[in-house]
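# Structure assessment
Residue-level listing of the chains:
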Amino acid sequence: MNGIRNTVSAVGEIAGELVKQVGWQVSTDAVTDTLRAFTNLEEKYEDLKQERLLLRSLRNDIEREVQRCREKDTTSSYSLWITEASEVDEEVNDLVAKYEAEMQTSNRFWLRPSLSSEMEKMIVAIKQLVKKKSSMVFQVDKPPESILKMLNAPRIAGYPTLQGALEKVLELVKNSKIKAIGVYGLKGVGKTAIMQNLNNHEEVAKLFDIVIFVRVSDDETHLELQQKIARRLKVDTKGINDPEDIARKIHEDLKNKKYLLIFDGVVDSIDLSQLGIPNNDNHSKVVMTAQHQQVCTLNEADRLIKVEPLSRDEAWKMFRDTVGPIIDRPDIPEIAQRVCDKCSCLPLLIHKIARSFKLKGSASSWRAGLEDLEERWPDYENEGVNELYSFLTFCYDELKDEKKQKCFLYASLYPAGSKVYSDYLVECLAAQDFLGDVNGTRKYQKARDRGYAVLEHLTNVSLLEKGKQMIYVSMNDCMKQLASYISSKYPECNSYVQSREELGEPATSKSWKNARWVSLIDSNLQALPIDQDCSKLETLLLQKNLELSTIPRTFFKKHMRNLLVLDLYGTGLKSLPSSVSKLTGLRGLYLNDCEHLTLLNCGLRYLERLEGP
């Protein structure tokens, strides 16, 4: 400041001298103002630099925020403000450069008051820009993208079962007469994978203004479901807790759009109008997935598509693709095929279990893994198994009726995937007294009708698989293992079941002693135990054992008074022992396709409880 004062003093002297010599008429006030402006020049310079620093900081902050919030669009005011701020910054740069040049010389000191004035104007301009910034909106939410691609959608090309289901859905989506489509099937069968591929499909992108994919949780509230839809639409519901208010916002956003709404994992009815979904007359569509057909029907689906498990070849391909090259190591392929069979052709299990087995590098570790999987299911430490077991247990518990539950457990006596004819199974269930009183023709028919209704219900809730026109039903391996696990917990349903692959020494097995149901179907059985304690036995299934040619003479003599069903279909028996007369409680006896059976024991006339239509 001393330098400026000295300069001002010199300027004053020179100005006075000029007035005397030249005779200028300069007022004292004018000179004073000029001197004051000159005196304030350095202060203006410092103020200008501070204001420029503030302006630059604000501009940088705004530009960083724009870069960070890529989901938002910039407004026209953003571009205008940034342009103005840049132009002012350039002018300030020029002034700063001019000031610094002036400070290097003193021969043009009379220009310095005007420089101070320019600085004052720029300071005012910067302050106006800063003030304007606080009242301007620089970003707004971008409109939602028409499709949010599922980045990890499973590839279903190469799997005709899944691809075929997707193509069926696409065909219905294009149908202008159809509003709602229901896709149902067992948990883990691939419904979500199909929906993710539908969401990503190029044709869908061309058909709809927006695709809304909503995963539905079992315990989700109406409000939570609305908020998911609102977030997808980028509808601001912050601070709004009234479902009706949110519904109005959703409705307003969608009323002029052609939408595809995908609900994945529906478990109950969904009121679209309460959510705010408009019933647009512009071919908008709703697609929902559910475990059970009834849920789709409850939600007024116009068309239903059932997703079946993969074929065995598809399952093996998926399993191989997931495991990778290790599956071709010596002695592994045969074990791997058995592991794959345990997945019941369900993509969920194939993917989860194959990923755990791909870490096993030797045939011995694969064998140990298979044994662990067979013996410890559903306690096997695998996310897919645990998830599926929780769902299947829920389905079983939801049956609630004890006799329906027993019907399901009884169906597990037959090999996984085998066709069990409904007429035959209903007869067995009636014989087990799971269908009520069957005495008399009319009661027997009512029991049969009740039996078919039970089987229909079990197929509807995915515990059994339905054959063509309900002629037969079947049970996949997962359900069979679930039933076996549950049966082991209840003495009245305790069973002993072995297949050809599992058969050890059934003739000496102590498991018969406590079993209510014994199944040795198609087990390559050649002989039966001579003195087996079967006092609790109610069902004995021995069909399709061609090597079984004789039954020990005393086999039925002791401890079989409670036997209700005896199935000898397709065995190699030549005759029945006389002890068959002791089966006085027997209600169902099956001897069809016993080609070598030439003599029926006269003891059959004592079996007075055998039933028939």
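This text goes with the structure placed above it.
Let me sum up the structure you'll find in this document. (Residues numbered from 1 in each chain as written. Predicted model: local features only at pLDDT ≥ 70, side-chain atom pairs only at ≥ 80, totals over all residues. Heavy atoms only, no water.)

## Points about the overall build of the protein
In terms of helices and strands, the protein carries 21 helices and 15 strands. When burial is assessed residue by residue, the protein has 46% of its 613 residues classed as buried. Restricting the contact set of the protein to residue pairs at least 6 apart, pairs at least 24 apart contribute 67%. With an accessible surface of roughly 32300 Å², the protein has 48% of that area assigned to carbon and sulfur atoms. (Helix = DSSP H or I, 4+ residues; strand = E, 2+ residues; numbered from the N terminus. Buried < 20%, exposed > 50% of the residue type's maximum accessible area, 1.4 Å probe, protein only. Contact = heavy atoms within 4.5 Å. Areas by Shrake-Rupley, 256 points an atom, 1.4 Å probe, with all protein chains shown as cover.)

## Description of the pattern of salt bridges
A complete count under the given rule lists 19 salt bridges for this structure. The partner of Lys 406 in a salt bridge is Glu 402, with the nearest N and O atoms 3.5 Å apart. On the criterion of helical spacing, the pair formed by Lys 406 and Glu 402 is a turn pair, its members being four residues apart in helix α18 (residues 402-411). A salt bridge links Glu 427 to Arg 448; the nearest nitrogen and oxygen atoms lie 3.8 Å apart. Of the two residues, Glu 427 sits in helix α19 (residues 422-431) while Arg 448 sits in helix α20 (residues 441-460), which places them 21 residues apart along the sequence. Since its relative accessible area comes to 25%, Glu 427 is described here as partly exposed. (Salt bridge = Lys/Arg side-chain N within 4 Å of Asp/Glu carboxyl O.)

## Some points on the environment of Asn 562
Note on placement: Asn 562 falls in the loop between β13 (539-541) and β14 (565-567). Spatially, the C-alpha atom of Asn 562 lies 8.8 Å from that of Thr 539, the residues being 23 residues apart in sequence. In contact with Asn 562, not counting residues within four places along its chain, are Ser 535, Leu 537 and Glu 538. Of note is the side chain of Asn 562, whose polar atom sits 2.8 Å from the backbone oxygen of Ser 535. (Polar contact = N/O pair within 3.5 Å; in protein donor to acceptor, adjacent residues only side chain to side chain.)

## Some words on unusual backbone geometry
One non-glycine residue, Met 470, lies in positive phi territory at about 60°. Within the secondary structure, Met 470 sits in the loop between β9 (465-466) and β10 (472-474).

The values are spatial; any link to function lies outside them.
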